[in-house]
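Descriptive analysis of the structure
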Amino acid sequence: AMNTPDWVTASGEHIPLADLSAEHLLNVMRYLQTGDGEFGRMMRPGCRGFSNDEWLRLCAVELQRRNRS
C-alpha cells in the first residue's frame, strides 16, 4: 500500500488511509463535512498532524489514485 497517514477510528483503531474501503473513505469525508458521527464533530485539531480540511483532501486524493489504477 502507499505510505498514507493512519486514520484513527472512533474506537481508537489506526488504519492506513490506503487500507480503508472506498465506502469508509466516503463516510470519513461525509463525517468531516457534516460532523454527524457517533461522537459528534471531529474536535481533534491537527489529528495526526492534519486539519479536517487536509483530511478531506487526503481522502479525495486516495480515491482519485484508486480510480487511475
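Rules used in this analysis
- Note on numbering: residues in each chain are counted from 1, in written sequence order.
- The predicted nature of this model means local features are confined to residues of pLDDT at least 70 and side-chain atom pairs, given and counted, to a pLDDT of 80 or more, with totals for whole chains, interfaces and linings taken over all residues.
- Side-chain descriptors were evaluated using all non-hydrogen atoms of the structure, hydrogens and water having been removed beforehand.
- For helices the rule is a DSSP run of H or I covering at least 4 residues; for strands it is a run of E covering at least 2, with both sets numbered from the N terminus onward.
- Residue burial is assigned from relative accessible area. The probe radius is 1.4 Å, only protein chains are included, and a residue is buried under 20% of its type maximum, exposed over 50%, and partly exposed in between.
- What makes two residues a contact is simply this: any of their non-hydrogen atoms within 4.5 Å.
- Working definition: a ring pair exists when centres of Phe, Tyr or Trp rings (six-membered ring for Trp) sit within 6.5 Å. Plane angles under 30 degrees give stacked, over 60 give edge-to-face, the rest tilted.
- Here, expected helix span is obtained from the residue count minus one, scaled by 1.5 Å.
- Throughout, the arc means the angular range of directions from the helix axis out to the C-beta atoms.
- The salt bridge definition used is simple: a Lys or Arg side-chain nitrogen within 4 Å of an Asp or Glu carboxyl oxygen.

Considering the overall build of the protein
Within the protein, the regular secondary structure consists of 2 helices and 2 strands. Mapped from its N terminus to its C terminus, the protein presents α and β elements in the order β-β-α-α. The buried share of the protein, reckoned over its 69 residues, is 32%. A separation of at least 24 residues holds for 49% of the contacts in the protein among residues at least 6 apart in sequence.

Concerning the packing of aromatic side chains
Counted under the stated rule, the structure contains 2 aromatic pairs. With a centroid separation of 5.1 Å and an interplanar angle of 85°, the aromatic rings of Trp7 and Trp55 are classed as edge-to-face. Separated by 48 residues along the polypeptide, Trp7 in strand β1 (residues 6-8) and Trp55 in helix α2 (residues 52-68) bring together distant segments of the chain. For the pair Trp7 and Trp55, a shared accessibility class is recorded, and that class is buried. Ring geometry for Phe50 versus Trp55: centroids 5.4 Å apart, planes at 70°, classification edge-to-face. Overall, the relative accessible area of 0% leaves Trp55 in the buried class. Feature note: the residues Trp7, Phe50 and Trp55 constitute an aromatic cluster, connected by ring pairs.

Considering α2
With 17 residues, α2 extends 25 Å between its outermost C-alpha atoms, agreeing within 8% with the 24 Å of an ideal straight helix rising 1.5 Å per residue. The set of residues buried in α2 consists of Trp55, Leu56, Cys59, Glu62 and Leu63. Within α2, the buried residues cover an arc of 130° as seen down the axis, which keeps them to one side. Pointing more than 90 degrees away from the buried face of α2 are the exposed residues Asp53, Arg57 and Arg68.

Concerning the pattern of salt bridges
Counted by the stated rule, this structure contains 2 salt bridges. Taking the shortest distance from any N to any O, the salt bridge between Arg65 and Glu62 comes out at 2.8 Å. Of this pair, Arg65 and Glu62 both sit in helix α2, 3 residues apart, which is roughly one turn of that helix. On the basis of relative accessibility, which here comes to 4%, the residue Glu62 falls in the buried class. One salt-bridge network, held together by shared partners, links Glu62, Arg65 and Arg66.

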